[in-house]
Each structure stands twice: as C-alpha cells, then as structure tokens.
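Descriptive analysis of the structure
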Amino acid sequence: MLVLTGASLFQCALLGVLANSTGVLLTQIRMELELSMTEISAYYTIKSVVGALGGAFFAALFFKSDKKRYLLFNIFTLVASYLLLLVGAGNWLWYVAAALSGVSFCTATIMVPHVLGQWFPENIGFAIGFAMAFSGVGGAVFNPVASLLIDHFGWKGEILILSAVTVLITIPALGLMFGEKPPLAPVPARTAEATAPAAPAPAAGHMAVPFILCCLAMLGGTVASAFTQYISIYAQGAGYALAVGATLNSSMQVGNVTGKLIFGIACDKIGIWKTMCLAIACIIAASLCFILVPGCLPLLYVASLLYGFNFALMMISVSRCSVSAYGADGAKRYMGFHTSINSAAGAVVSMSVGLLYDATGSFIPILLLGSGFGCLSIIAAMTMDRRTSRA
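Described in the following lines is the structure provided in the data block. For clarity, every value in this text was computed on a predicted model and none was experimentally measured.

A count of helices and strands for the chain gives 16 helices and zero strands. On C-alpha atoms alone, the chain measures out to a radius of gyration of 20 Å, which is about the 21 Å that the 2.2 N^0.38 rule sets for 391 residues. Taken over the C-alpha atoms alone, the chain extends approximately 55 × 45 × 35 Å along its principal axes. With 391 residues in all, the chain has 57% of them scored as buried. In the chain, of all internal contacts separated by at least 6 residues, the share reaching a separation of at least 24 is 84%. Within the structure as shown, the chain displays about 14900 Å² of accessible surface, and the carbon and sulfur contribution to it stands at 72%. Of the charged side chains in the chain, 18 are positive and 13 negative, and the gap between their average positions amounts to 12 Å.

Okay, structure coming up:
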C-alpha cells in the first residue's frame with residue numbers, strides 16, 4: 001500500500017502540478033506578451049517532436065537504469081523546463097524549455113505502470129488507474145491555484161511556487177515507492193488480457209498487423225489530447241474570464257481522476273480494447289458539446305469532465321495495449337516505439353492547432369479532426385479485440 005501511495009504522489013508531482021497548469025500559464029503568457037497561437041502551438045509541437053525522437057531511447061534507458069534515480073532525473077528535468085520560461089518566454093529559450101519538457105514526458109506513460117506491475121500483478125489495471133488518477137487530483141487542485149497565484153504573484157511567481165511544490169511532493173513519493181524491494185517472482189496478472197490466450201508475443205513475421213492496429217487504436221486519443229492544452233483559450237474565445245477557463249480545466253481533471261479509476265477497473269474486467277472504445281465514445285460526445293453549445297456553461301462543464309477521460313486513454317493505453325498485443329516480453333520492446341509514434345502524431349496535431357486557429361479563429365476544426373480519428377481508433381480497437389479473443 002505504501003508503494004501505491006508513493007506512486008500516486010509521484011504521478012501527482014509529474015503531471016498534476018506544473019504540467020496540468022500549463023494551459024492556464026501559457027494563456028497568461030500569451031496575453032501579456034501578445035504571442036500568436038502559432039507560437040503557443042510551436043511550444044507543444046517541439047515538446048512532441050522531442051518525445052517522438054527520444055521516446056524509444058529514453059524508454060530503453062529507463063528499463064536499464066536505476067529506477068529511483070531515473071524518476072528523480074525526470075522530475076528535475078520537468079522543473080528545469082518551467083524555470084527556463086522565467087527568462088525564455090518570448091525568445092529562443094522558449095523552444096529549449098519545450099524540448100526539456102518533452103524529455104521529461106518521453107517515459108511518462110511507462111514509469112509508474114512498470115513499477116506497479118512488480119507489486120500488484122493481480123490487479124494491475126486498478127493499481128495503475130488509481131495512481132494515474134492522482135495527476136488529475138493534482139490538476140483539479142492546482143489549476144484554480146495556478147490562476148490565483150497568477151492573479152496575486154504573476155505568472156513568474158506561479159512557476160517558482162509550483163516548482164517548489166513539485167519537488168516537495170517528489171521527495172516523499174520516491175521514498176515510499178522504493179522503500180522496499182518488490183517481490184522477486186510476481187504471480188501473473190489475472191486481468192482480462194492476461195487470462196485470454198493472447199498472452200504470448202506474436203512471431204516477428206506476424207507483428208506488422210497488430211503493430212499498425214495498435215498505432216491506429218491510440219491515434220484518436222493522441223489527436224484529441226491536443227485540445228486539452230487549449231481549454232483556457234477556448235473559454236477565453238467564448239467570452240469567459242480566465243477563472244472560468246481554469247474551472248473548466250479543473251472539471252477536466254475531475255474527468256481525468258474518475259476516468260482513470262474507471263478505465264483501470266474496466267481494463268481488468270472487460271479488457272483494454274473494449275475500454276478504449278467506451279472512452280473514445282465519451283470524448284467524441286464531449287467534442288460535439290464544445291462545438292454545438294459554447295454558450296451553455298453547465299454543459300461545457302459536463303463536456304470538460306467527459307473530455308478528461310482522454311487522459312486515461314493516453315496514460316494507460318500504451319502499457320496495456322502493448323501487453324495485450326505483444327505479450328509481457330514483447331511489450332518492453334514496443335512501448336518505446338508506440339510512445340515515439342504517439343509523440344510524432346502529437347507534434348503534427350499541435351502545430352495544426354495553431355495554424356487552424358489562426359486561420360479560422362475557432363477550435364471547431366481540431367475538435368472535428370479528433371472526432372474523426374476517434375472513430376478510426378474505435379474500429380482499430382474493435383479489430384484488435386476480435387484478434388486477441390480468437391488467438
């Protein structure tokens with residue numbers, strides 16, 4: 001239980017404090033420095049490009065490294081990327097900060113699931129979902145806090161305070177995670193994927209089809225994730241104050257928390273592929289609300305909550321899809337490649353957001369694009385579900 005607590009705190013530090021308040025922070029920087037949307041999207045694009053280029057390398061490095069030291073390195077890289085914005089906003093260091101942030105996210109979907117897999121083989125889906133949910137808990141708490149800090153201390157003060165909070169959460173988190181050695185021979189997990197006959201890794205000659213289907217199944221979540229960074233700017237464009245944007249972001253983080261808990265339990269009960277289909281359907285429904293009823297704030301809060309399920313899709317699906325498609329051993333080889341491919345797709349989408357918004361003044365094109373790719377992902381996930389069930 002101490003390990004799960006530590007993993008939850010670490011996930012909060014990694015994605016729930018600075019990272020989840022990025023949308024609010026960059027909205028303020030954009031207003032003060034009068035940056036274009038293309039410049040904002042360039043930040044996310046470079047972050048994704050670095051993730052694409054470094055995903056496989058850093059995943060391999062993680063599996064070979066001392067896990068505690070690697071996690072500490074990851075957090076300090078994240079904090080350094082935000083501190084660099086203090087002197088880099090509006091100049092070339094802006095892009096260096098984005099690159100450092102990309103390095104810290106290369107293994108964000110791998111680290112905690114790997115550690116928990118050594119401790120909770122019987123209920124790995126629930127354990128991962130519970131720990132990952134704390135990035136949403138952090139986001140729900142620190143998004144409005146970030147808005148208040150910006151109002152009282154400016155965006156630079158917000159970065160300094162939340163950087164300190166991130167480090168202070170990380171220290172006890174790592175102590176709890178690595179206070180004891182994991183079991184030497186964990187019992188195989190009795191999840192829906194593990195109990196299915198598809199556990200062995202496919203032969204090399206038959207790997208192309210499941211690899212392509214896995215890429216397509218994850219693509220919808222990757223495309224949809226671009227909008228999560230811009231919810232505050234969406235609210236501003238719809239005529240709402242920055243505080244409303246922060247509250248919408250908090251609602252999204254509530255969806256983040258509940259979505260990861262539901263996603264993890266569902267993975268154990270019905271398998272990763274059916275769970276992905278349900279999550280993507282919720283995201284498509286939320287996208288339609290953002291498009292059709294921007295003037296109805298209560299519905300926007302509901303849509304934000306549903307859209308928050310995308311965080312579960314992004315954070316849990318890489319590890320669970322890889323295990324289901326390739327087996328436990330094959331997953332270690334392919335997780336890094338899927339992380340890189342997702343980041344490459346994210347880079348293209350991130351730049352497209354800025355270009356489309358500057359051209360149209362609306363987020364409708366990117367929401368429609370995400371919904372279209374979401375439908376494609378549902379088809380791919382359903383196909384993988386049938387393949388793994390027959391194997």
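Back to the write-up after that little detour.
Turning our attention to the side chain of Thr77. In this structure, Thr77 sits in helix α4 (residues 67-83). Taking relative accessible area as the criterion, Thr77 reaches 9% and is therefore assigned buried. Within polar-contact distance, the side chain of Thr77 engages the backbone oxygen of Phe73 at 2.8 Å. Filtering out sequence-adjacent residues up to four positions away, Thr77 remains in contact with Leu100, Val103 and Ser104.

A separate point is the packing of helix α15 (residues 309-360) against helix α16 (residues 364-390). Direction vectors running N to C along α15 and α16 enclose 165°, while the axes themselves pass 11 Å from each other. Classified by the angle between their axes, α15 and α16 sit roughly antiparallel to one another. Like other packed secondary-structure pairs, α15 and α16 cross with a definite hand, here right-handed. Contacts from Ser324, Ala325, Val349, Val353, Leu356 and Thr360 of α15 reach α16 at Pro365, Ile366, Met384 and Thr388.

Side chains of a nonpolar character, in soluble globular proteins, are inclined to be buried together. In this structure, Phe10, Leu116, Trp273 and Phe363 are the most contacted members of the largest nonpolar core, which totals 119 residues. Not counting residues within four places of it along the chain, the set of residues in contact with Leu116 comprises Val3, Leu4, Ala7, Ile124, Ala127, Ile128 and Ala131.

Parameters and conventions
Residues numbered from 1 in each chain as written. Predicted model: local features only at pLDDT ≥ 70, side-chain atom pairs only at ≥ 80, totals over all residues. Heavy atoms only, no water. Helix = DSSP H or I, 4+ residues; strand = E, 2+ residues; numbered from the N terminus. Rg over C-alpha atoms; globule rule 2.2 N^0.38 Å. Buried < 20%, exposed > 50% of the residue type's maximum accessible area, 1.4 Å probe, protein only. Contact = heavy atoms within 4.5 Å. Areas by Shrake-Rupley, 256 points an atom, 1.4 Å probe, with all protein chains shown as cover. Lys, Arg positive; Asp, Glu negative; His and termini not counted. Charge placed at Lys NZ, Arg CZ, Asp CG, Glu CD. Polar contact = N/O pair within 3.5 Å; in protein donor to acceptor, adjacent residues only side chain to side chain. Axes fitted to C-alpha atoms, helices over the stretch in contact; angles between N-to-C directions. Parallel < 35°, antiparallel > 145°, perpendicular 65-115°, else oblique. Left-handed = near helix turned anticlockwise from the far one by under 90°. Core = buried A, V, L, I, M, F, W, Y, C linked by side-chain atoms within 4.5 Å.

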